[in-house]
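Coordinate inspection notes
The residues making up each chain are set out below.
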Amino acid sequence: MFLTKITALLLTVTTLTPAHDSLHRQLDALVKTKALSAALVRVSEDGKSRTSAAGYRDLTSRKPADPAGYFRIGSVTKSFVATVLLQLADEGKLSLDDPVAKHLPGALPTGSTITVRQALDHTSGLFDYAGAGIPGWSLRDYRPVESLYDQTPQELLAVGLSRPPYFKPGQGWHYSNTNYVVAALLIEKLTGGSYADAIRTRILRPLGLTHTFLPGHDKSIPQPHARGYAPSSGKIVDATRMNPSLEYGGGEMISTSADLARFFDALLGGKLTSASTLKQMRATHPAGEGMGYGLGLQKFDLTCGKSVYGHSGAIFGYLTYALRSDEGRTLVISANPNTGQIPADALPKALATVFC
C-alpha cells in the first residue's frame, strides 16, 4: 500500500511538470510581447502542486512577480457567494425556486417573480449595473476618481433597477453583476450578519483559507502582489488601489492561487454542499464561446472534448481563472494586462495544455 501511494504521487508530479512548464512558457511569452505585465500560475492534483510566476511586480522596479502573491479575484467571488446560498438551501433556510421577494420584500419592483435560482444563474433578466452604458459605473472602463468612491449594495441595486430588464425572468440568459448584489443581500437577510462574515465562517475558516479576504471598502492589497494596470485616457495607469465596494458580492474578494485551488477542490469535490445541490450548481445554460453558466459556476468546453468547472474574474488590472477537472486537476491563473493584445487563442491553448 505504501509503495502504491508513493508511485501514485510520483506519477502525479511527472504529469504535472510538463503541463505546468509548457503553460509557464506561454505566459512568459505573453509578458515578452507586453500583453501581460505579470502572471501567476498553479497546477495542482492529488495534493501536489507546481507554481511559478512570469513578469514583474511592477513596471518601474521590474522586480520578479511572486508566485505566492495576492491578487483581486473579481467575479470568482460569485462562486463563494453562490456556495453560501446553496448551503442555506441545504439547511432549509430557503428554496432555490423561492421568489427573491419572499426573503427581500421591497428590494425588487412590486410583482417581481425573479427566483433565487434565476439570480444565481443569470436568467433573472436584471440589468447589469456594472455593464457599459452607465457613466461612472461601468467596470469595463477604469476611472481613477470614481473607482475610489464608497458604494452601498443598495446603491448598486438601484442602478441595476434604473434600466429596463434584458428579458422577463427565465426567458433568456445575460451575465449581470446585479444578480450577485441580490444574492449577497439574501445571505445577509437569512443569516442576520454580513455576507462577508458568512463566507468567512462557512468557507474560509473551515478550509483554512487564511490568505483570502473580503476587503469591504479597503482599497489596498496585502503584500506581496503584482501591480494591476488598466487603460485610462489613452494611457496605461496603475489601477491597483480601488474601492472594492463597487463590486460587493459580484467581485470584491482578494486571494492567492493556493487558496483558490483549495476552495474549488473542496467545492467540486463535494465537501461544501450536498451532492444534489452540487449537481444543480453544475447544471449550466449556454453562455457563448464554448462556455456554460450554472449556479455561480462556469463550465468551459475544451478543444479535446473535455469540460472543466470553476469561474473567471476580471477587475481593473487583474484577470483570474480558477478551474478544476472532474479528474481532480486544478488550474489557477492570475494575470495582469499590459499594453499589448492578449491573443484570442491564449486561454483555449492554456486550458488544453493543462487539462488535455
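Refer to the structure presented above.
Summary of the structure given here. (Residues numbered from 1 in each chain as written. Predicted model: local features only at pLDDT ≥ 70, side-chain atom pairs only at ≥ 80, totals over all residues. Heavy atoms only, no water.)

1. Here's the deal with the packing of helix 2 (residues 77-90) against helix 6 (residues 178-191)
- Put simply, helix 2 and helix 6 touch, their axes get as near as 10 Å, and they point 40° apart. What the angle tells us is that helix 2 and helix 6 run oblique. Considering only the axes of helix 2 and helix 6, their crossing is left-handed. Residues K78, V81, A82, V84, L85 and L88 of helix 2 form the contact with helix 6, whose own contacting residues are Y180, A183, A184, L186, I187, L190 and T191.
- Considered class by class, the residues forming the contact of helix 2 with helix 6 number 11 nonpolar, 1 polar and 1 charged. (Axes fitted to C-alpha atoms, helices over the stretch in contact; angles between N-to-C directions. Helix = DSSP H or I, 4+ residues; strand = E, 2+ residues; numbered from the N terminus. Parallel < 35°, antiparallel > 145°, perpendicular 65-115°, else oblique. Left-handed = near helix turned anticlockwise from the far one by under 90°. Contact = heavy atoms within 4.5 Å. Nonpolar A, V, L, I, M, F, W, Y, C, P; charged D, E, K, R; others polar.)

2. Some thoughts on the packing of aromatic side chains
- On inspection of all chains with the given rule, the structure shows 8 aromatic pairs.
- Pairing Y70 with F213 gives two aromatic rings, centres 5.9 Å apart and planes at 40°, and the pair type is tilted. Here Y70 is found in the loop between strand 2 (48-55) and strand 3 (71-72), whereas its partner F213 is found in the loop between helix 7 (195-207) and strand 4 (229-232), with 143 residues between them in sequence.
- The class for Y70 is buried, based on a relative accessible area of 10%.
- Here F263 and F264 contribute two aromatic rings whose centre-to-centre distance is 4.8 Å and whose plane-to-plane angle is 65°, an arrangement assigned as edge-to-face. Here F263 and F264 have matching classes, each one buried.
- In textbook terms, an aromatic cluster arises when at least three aromatic residues are bridged by ring pairs, as seen for F80, F263 and F264.
- For the cation-ring pair, R62 lies above Y56, with the distance from its terminal atom to the ring centre recorded as 4.1 Å.
- We note R282 situated over the ring of Y309; from NZ or CZ to the ring centre the distance is 4.1 Å. (Phe/Tyr/Trp six-rings, centres within 6.5 Å; stacked < 30°, edge-to-face > 60°. Buried < 20%, exposed > 50% of the residue type's maximum accessible area, 1.4 Å probe, protein only. Lys NZ or Arg CZ within 6 Å of the ring centre and 35° of its normal.)

3. Details of the environment of S312
- Looking at the element boundaries, S312 is found in strand 10 (residues 307-315).
- Residues S312 and L323, spaced 11 residues apart in sequence, show a C-alpha to C-alpha distance of 8.2 Å.
- Beyond its immediate stretch of four places on either side in the chain, S312 contacts S75, V76, Q298, F300, T320 and Y321.

4. Re the sheet that holds strand 2
- Strand order in the open sheet made by the 8 strands is 2-1-12-11-10-9-8-7, with antiparallel pairing throughout. Strands at the two margins of the open sheet, each flanked by one partner only, are strand 2 and strand 7 (285-286).
- Across 2 bridges, strand 7 lies against strand 8 (residues 291-293) in antiparallel orientation. Opposite P286, over in strand 8, you have G292 as the bridge partner. (Pairing = 2+ DSSP bridges.)

5. Points about the pairing of strand 1 (residues 36-45)
- Among the 10 residues in strand 1, 10 count as buried, and that is most of the element.
- Both strand 1 and strand 12 (residues 330-337) contribute to a ladder of 8 bridges, which runs antiparallel. The partner of R42 across the bridge, within strand 12, is V332.
- Where strand 1 and strand 2 come together, 8 bridges link them in antiparallel fashion. Looking at the pairing, V43 lines up with R50 of strand 2.
- Turn length for the strand 1-strand 2 hairpin, with the two strands adjacent in sequence and antiparallel, is 2 residues, and the turn residue D46 shows positive phi of about 55°.

6. Observations regarding helix 8 (residues 257-268)
- Taking 1.5 Å of rise per residue, 12 residues should cover 16 Å, and helix 8 covers 16 Å from first to last C-alpha, within 8% of that figure.
- Counting buried positions along helix 8 yields 9 of 12 residues, so the element is predominantly enclosed.
- After helix 8 finishes, the residue G270 shows a positive phi value of roughly 85°. (Expected span 1.5 Å × (residues − 1).)

7. Observations regarding the layout of surface pockets
- If you add up the space inside the second largest pocket, you get close to 250 Å³.
- Elements supplying a minimum of two residues to the lining of the second largest pocket: strand 1 and helix 8.
- Partitioned by chemical class, the residues of the lining of the second largest pocket number 3 nonpolar, 5 polar and 7 charged. (1 Å grid on protein atoms, 1.4 Å probe; cavity = no way out; pocket = protein on both sides within 12 Å on 5 of 7 lines; lining within 4 Å. Points joined across faces, edges and corners; volume = space filled by probe spheres on them.)

8. Digging into the side chain of R329
- Residue placement: R329 occurs in the loop between strand 11 (318-324) and strand 12.
- A distance of 3.1 Å separates the side chain of R329 from the backbone oxygen of V354, its partner in a polar contact.
- In this structure R329 touches T15, L16, A19, V43, S44, E45, L323, R324, V354 and F355, once residues within four positions along its chain are discounted. (Polar contact = N/O pair within 3.5 Å; in protein donor to acceptor, adjacent residues only side chain to side chain.)

9. Observations concerning the pattern of salt bridges
- Counted according to the given criterion, the structure contains 13 salt bridges.
- Residue R282 is joined to D326 by a salt bridge in which the shortest nitrogen-to-oxygen separation is 3.0 Å. Separated by 44 residues along the polypeptide, R282 in helix 9 (residues 275-282) and D326 in the loop between strand 11 and strand 12 bring together distant segments of the chain.
- For R282, a relative accessible area of 21% puts it in the partly exposed group.
- Between K299 and D301 there is a salt bridge, and its shortest N-O distance comes to 3.9 Å.
- Where salt bridges share partners, they join E91, K93 and R202 into one cluster. (Salt bridge = Lys/Arg side-chain N within 4 Å of Asp/Glu carboxyl O.)

These results come straight from atomic positions and should not be treated as a statement about function.
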